[in-house]
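# Structure assessment
Single-letter residue listing:
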2 protein chains.
Amino acid sequence: MAEEEKSMVESKEWYLASYAREGVPTSDHLKLRTLHLSLALHSIPHGHVAIQSLFLSIDPYLRSTFTATLDGLCLPQYQLNQVITAFGIGRVKGSKDNKYEEGDIVLIAYSPVAEYFVISSTEIISKVDTESGISLPEYLSSLGVAGFAAWVGIEVVGEAKTGSNVFISAACGAVGIIAGQLAKLKGCRVIGSTGSDQKVRVIKEEFGYDDGFNYNKETDFDAALSKYFPNGIDVYLDNVGGKMLEAVLNHVNKHARIALCGMISDYNKVWREREGPRNLLNMIGKEVRMEGYMVLSYFNRFGDFATEMEGYIKEGKVKSKHQINIGIETFLDCLCSLFSSSNVGKVLVQLHP
Amino acid sequence: MAEEEKSMVESKEWYLASYAREGVPTSDHLKLRTLHLSLALHSIPHGHVAIQSLFLSIDPYLRSTFTATLDGLCLPQYQLNQVITAFGIGRVKGSKDNKYEEGDIVLIAYSPVAEYFVISSTEIISKVDTESGISLPEYLSSLGVAGFAAWVGIEVVGEAKTGSNVFISAACGAVGIIAGQLAKLKGCRVIGSTGSDQKVRVIKEEFGYDDGFNYNKETDFDAALSKYFPNGIDVYLDNVGGKMLEAVLNHVNKHARIALCGMISDYNKVWREREGPRNLLNMIGKEVRMEGYMVLSYFNRFGDFATEMEGYIKEGKVKSKHQINIGIETFLDCLCSLFSSSNVGKVLVQLHP
């Protein structure tokens, strides 16, 4: 009984209190609650593990899981009162699966946004090799969903080649900083758009972009693209949608590829209020291919990606940038920061630092 | 001199009198004029042929060549006073190239919209085999640009497969009637949209469409597509753009392909006045590929296409429908008919019947 008491933990977690059909979610929609949880071995079901959260990945797609209706990204919607989940890293505190033991560090695709939790071990993607010299946050950025999305967008869907003129929107975001570096490694000319002068400097000075522009300052996107792409655009990695996509379609070269990775300008609007590009006809004359993708569908290529990316990281050819927020209480603010363009690089929540 | 007089012909031709930036072109923009032309051998330059026009193909893309600015289809624009050209069939009346002789029937990609003309023999695509049992209009419809556009859209870009749910807009047009038959031959379920109840009957009764709807009657496209595609859309051959494309994007299946062949709803508007689909985000969740194409880029596949299509025509598996208008005077009305949805099948002008 004393043992039982010792293994009890207090765990805070975020859950869906009400659906957010439009706009940036607030504390009306997402709320924090405290649970008391036993991590004692006898209370862990067979084939399950008890996990202490270490890092959570904060990604824009999360916004699309609170609207109550299947829209756009076609992601399953949370039920009311259900705990939110995210890509995460945790430490095994107790295990009823002999593949895992206490102290293992593991990657979890649908990690509850909670300080502690018990889940089926089948939810674990892999153990993290803590001797690799690669830091834990890196596994959620360059080696995580963001890095993989960048790789699929540039290498697979976008088919960037030596000399390609590549444009990347949300260039200073988690996907953008990796995508720009991958395109440079392929010998492309790479231009990015981002939301501040400071972030333009970051993509150029830290991540090797040839140039970039602040879309809040150069608000005539057509003029900006004329200036930065005198020879037109061959590959566009779209993370924003809306007016920027329309402008891009006025500057595409013959047989350009547009890889639709995300459309952050659309996530907070119901679809009838979004702005559609009025110049899709350009796709015919220029024979453009536009293709949406979800990284899950490319999971059979994850091994190729991870091998390539680990090599780049160890050789110092790909760098990451993390905006680490301490404590589970910061989750909602972190999520909202994605929509105010106030973040640089990969936004993470760190628990139990 | 008497010989010279005998060889003189009066030839009417259509030319561009003023640019038509928006709207359906009128007799202010396209005008007819009469020339006097010598077909005498000594007046034909070396490597040239004198041609008597027999049939001209009237295609929607023509609209995009009168606007003065490169837009959408990126087609070269006519100069003022320049004679209009179209895909055509003519009879050689005199030849200064020993590959051709008087009486040959030839296919010409950029045939002047004129009763008679003299052109370089390099403009000739091929001689027509008049013993093939295939009628001349067929070479401008199922075996011409329209048939090839249908084939590229269904087979190459759209990748229709046995069991695919295929949607075709402007289904009763020159491309639509051929595309529907090709998709049926591949074992697809095929639904078309068109502008009248009579044309819905035509696509079903004459061209084997499984079903179809009149977009002027079923004006809630979303509801119509829900009804006709209970299992969603796998392939969309888009000939219209605009609101129909937006509705389609609400009904696409995972990994659907959208082959952009034409956007007739857009040709008469400047691009800022067009309607863009507000739901492109659906392309990410459903991982849709949308691709524009121009048949010229697939010319290396024309042989494969022609062999396949000639086989189908001779076996009676693909049928055509021609709306033949007599006399060069009808050219402008024929062109306008494409935009009023008053045509059925392939619109042709026949000269010297």
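Rules used throughout
Residues numbered from 1 in each chain as written. Chains lettered and ligands numbered in written order. Predicted model: local features only at pLDDT ≥ 70, side-chain atom pairs only at ≥ 80, totals over all residues. Heavy atoms only, no water. Helix = DSSP H or I, 4+ residues; strand = E, 2+ residues; numbered from the N terminus. Rg over C-alpha atoms; globule rule 2.2 N^0.38 Å. Buried < 20%, exposed > 50% of the residue type's maximum accessible area, 1.4 Å probe, protein only. Contact = heavy atoms within 4.5 Å. UniProt positions renumbered as here; feature names shortened; annotations may be inferred. Phe/Tyr/Trp six-rings, centres within 6.5 Å; stacked < 30°, edge-to-face > 60°. Lys NZ or Arg CZ within 6 Å of the ring centre and 35° of its normal. Buried area = accessible area lost by both parts, 1.4 Å probe. Salt bridge = Lys/Arg side-chain N within 4 Å of Asp/Glu carboxyl O. Polar contact = N/O pair within 3.5 Å; in protein donor to acceptor, adjacent residues only side chain to side chain. Nonpolar A, V, L, I, M, F, W, Y, C, P; charged D, E, K, R; others polar. Pairing = 2+ DSSP bridges. Domains from an automatic or database assignment. Least-squares fit on C-alpha atoms with pLDDT ≥ 70 in both. Expected span 1.5 Å × (residues − 1). Right-handed = clockwise from strand over helix to strand, strands pointing away. Core = buried A, V, L, I, M, F, W, Y, C linked by side-chain atoms within 4.5 Å. Arc of directions from axis to C-beta. Axes fitted to C-alpha atoms, helices over the stretch in contact; angles between N-to-C directions. Parallel < 35°, antiparallel > 145°, perpendicular 65-115°, else oblique.

## A word on the overall build of chain A
Looking only at helices and strands, chain A has 10 helices and 15 strands in total. In terms of overall size, chain A behaves like a compact globule, its C-alpha atoms giving a radius of gyration of 21 Å where 353 residues would be expected to give roughly 20 Å. For chain A, the spread of C-alpha atoms along the three principal axes comes to 75 × 45 × 35 Å. Sorting the 353 residues of chain A into buried and exposed places 58% on the buried side. Taking all contacts inside chain A whose residues are at least 6 apart in sequence as the whole, residues at least 24 apart take part in 68%.

## Comments concerning the UniProt feature "domain: Enoyl reductase (ER)" (unreviewed entry) in chain A
According to UniProt, the positions carrying the feature "domain: Enoyl reductase (ER)" (unreviewed entry) are residues 68–349 of chain A. Taken end to end, residues 68–349 of chain A comprises 28% helix and 25% strand; its first and last C-alpha atoms sit 25 Å apart.

## Thoughts on the packing of aromatic side chains
Geometrically, a pair of aromatic rings is defined through the distance of the ring centres and the angle of the planes. Applying the stated criterion to the full structure yields 26 aromatic pairs over all chains. Judged by centre distance (5.5 Å) and plane angle (25°), the ring pair of Phe299(B) and Phe302(B) falls under stacked. With relative accessibility at 46%, the residue Phe299(B) sits in the partly exposed group. Grouped by ring-pair contacts, the aromatic residues Phe148(A), Trp151(A), Phe299(A), Phe302(A) and Phe305(A) constitute a single cluster. The aromatic ring of Tyr15(B) is capped on one face by Arg33(B), whose charged end is 4.1 Å from the ring centroid. Its guanidinium or amino end placed over the ring of Phe229(B), Arg189(B) lies 5.7 Å from that ring's centre, counting from NZ or CZ.

## Re the interface of chain B and chain A
Contacts between the two partners involve 40 residues from chain B, matched on the other side by 40 residues from chain A. Of the roughly 3,300 Å² buried where chain B meets chain A, counting both sides, 64% is carbon and sulfur surface. Of all residues in chain B, the largest losses of buried area upon contact with chain A belong to Arg278(B), Leu281(B) and Ile284(B), amounting jointly to 23% of the total for that side. The tally of links between chain B and chain A comes to zero salt bridges. One can count nine residue pairs in polar contact (both at pLDDT 80 or more) joining chain B with chain A. Those elements giving two or more residues to the side of chain B that touches chain A turn out to be α7 (242–249), β12 (252–260), α8 (282–285) and β13 (289–292) of chain B. Tallied by class, the residues present in the side of chain B that touches chain A amount to 18 nonpolar, 10 polar and 12 charged. Across three bridges, the pairing between strand β13 (residues 289–292) of chain A and β13(B) is antiparallel. Considered in β13(B), the bridge of Arg289(A) is made with Glu291(B).

## Comments concerning the domain arrangement of chain A
Residue and element names in this part refer to chain A. Taken domain by domain, chain A comprises domain 1 (2–141 + 321–350) and domain 2 (147–297). Each of domain 1 and domain 2 was reduced to a C-alpha centroid, and the two centroids are 30 Å apart. At the junction of the two partners, domain 1 supplies 23 residues and domain 2 supplies 20 residues. Put simply, domain 1 and domain 2 have one salt bridge between them.

## Things to note about the relation of the copies chain B and chain A
Superposition record for chain B on chain A: RMSD 0.0 Å, screw rotation 180°, translation along axis 0.0 Å. Such values leave the two copies arranged in the relation of a two-fold axis. Relative to the rotation axis, the closest C-alpha in chain B is found at Gly276(B), a distance of 2.1 Å. Same-surface contact between copies: 100% of interface residues of chain B are shared with the interface of chain A.

## Quick look at helix α4 (residues 174–185) of chain A
Residue and element names in this part refer to chain A. The end-to-end C-alpha separation of α4 is 18 Å, in line with the 16 Å expected for 12 residues at 1.5 Å each. Within α4, 10 of the 12 residues are buried, which leaves it mostly tucked inside the rest of the structure. In this structure, the buried side of α4 is in contact with α3 (145–157), β8 (165–168), β9 (189–194), β11 (233–238), α9 (302–314) and β15 (346–350). Phi for Gly 187, located one or two positions after α4, is positive at around 85°.

## A few points about the pairing of strand β10 (residues 211–214) of chain A
Moving residue by residue along a regular strand, the side chains alternate between the two faces of the sheet. All names here are of chain A. Of the pairings in the sheet, the one linking β9 to β10 comprises four bridges and is parallel in character. Looking across to β10, one finds that Ile 191 is bridged to Asp 211. A crossover links β9 with its parallel partner β10, the connecting element being helix α5 (residues 197–205), and its sense is right-handed.

## Let's talk about the side chain of Lys346(B)
Residue and element names in this part refer to chain B. In this fold, Lys 346 is placed in strand β15 (residues 346–350). In terms of polar contacts, Lys 346 uses its side chain to reach the backbone carbonyl oxygen of Ile 58, at 3.5 Å. When neighbours within four sequence positions are excluded, Lys 346 is seen to be in contact with Ser 57, Ile 58, Asp 59, Leu 140, Ser 141, Ala 146, Ala 174, Lys 321, His 322 and Gln 323.

## Some words on the pattern of salt bridges
All names here are of chain A. Scanning all chains against the criterion turns up 42 salt bridges over all chains. Where Glu 159 meets Arg 289, a salt bridge forms, and the shortest distance between an N and an O atom there is 3.1 Å. On the criterion of sequence distance, the pair formed by Glu 159 in the loop between α3 and β8 and Arg 289 in strand β13 is long-range, its members being 130 residues apart. Classification of Glu 159 as partly exposed rests on a relative accessible area of 36%. Here Lys 227 ties to Glu 218 by a salt bridge, and the two come within 3.3 Å at their closest N and O atoms. Taking the relative accessible area as the measure of exposure, Lys 227 reaches 53% and is therefore exposed.

## A short note on the nonpolar core
Counting 106 residues, the largest nonpolar core has Phe167(A), Ile258(A), Met290(A), Phe167(B), Ile258(B) and Met290(B) as the members making the most contacts within it. Setting aside chain neighbours within four positions, we find Phe167(A) in contact with Ile191(A), Gly192(A), Ser193(A), Phe213(A), Leu225(A), Phe229(A), Ile233(A), Val235(A), Tyr236(A), Leu237(A), Met244(A) and Val248(A). Membership of the second largest hydrophobic core comes to 53 residues, among which are Phe55(A), Phe87(A), Leu143(A) and Cys261(A).

## A closer look at α5(A)
All names here are of chain A. Within the sequence span of α5, burial applies to Lys 199, Val 200, Val 202 and Ile 203. The arc that holds every buried residue of α5, seen down its axis, measures 160°, which confines them to one face. In this structure, the buried residues of α5 make contact with β9 and β10.

## Some remarks on the sheet that holds strand β9 (residues 189–194) of chain B
Strand order in the open sheet formed by 12 strands is β10(A)-β9(A)-β8(A)-β11(A)-β12(A)-β13(A)-β13(B)-β12(B)-β11(B)-β8(B)-β9(B)-β10(B), with mixed pairing between adjacent strands. Where the open sheet ends on each side, the last strands, each with one partner, are β10 of chain A together with β10 (211–214) of chain B. Each strand of the sheet is rotated relative to its neighbour by a mean of 15°, with strand direction disregarded. Relative to β13(B), β12(B) is paired through four bridges, and the arrangement is parallel. Of the residues in β13(B), the one forming a bridge with Leu260(B) is Gly292(B).

## Let's talk about the packing of helix α4 (residues 174–185) of chain B against helix α9 (residues 302–314) of chain B
All names here are of chain B. Two elements in contact, α4 and α9, have axes separated by 13 Å at closest approach and are oriented at 90°. Relative to α9, α4 is oriented roughly perpendicular. Contact residues: Ile 178, Leu 182 and Leu 185 in α4; Glu 308, Met 309 and Tyr 312 in α9. Per-class residue counts for the contact of α4 with α9 are five nonpolar, no polar and one charged.

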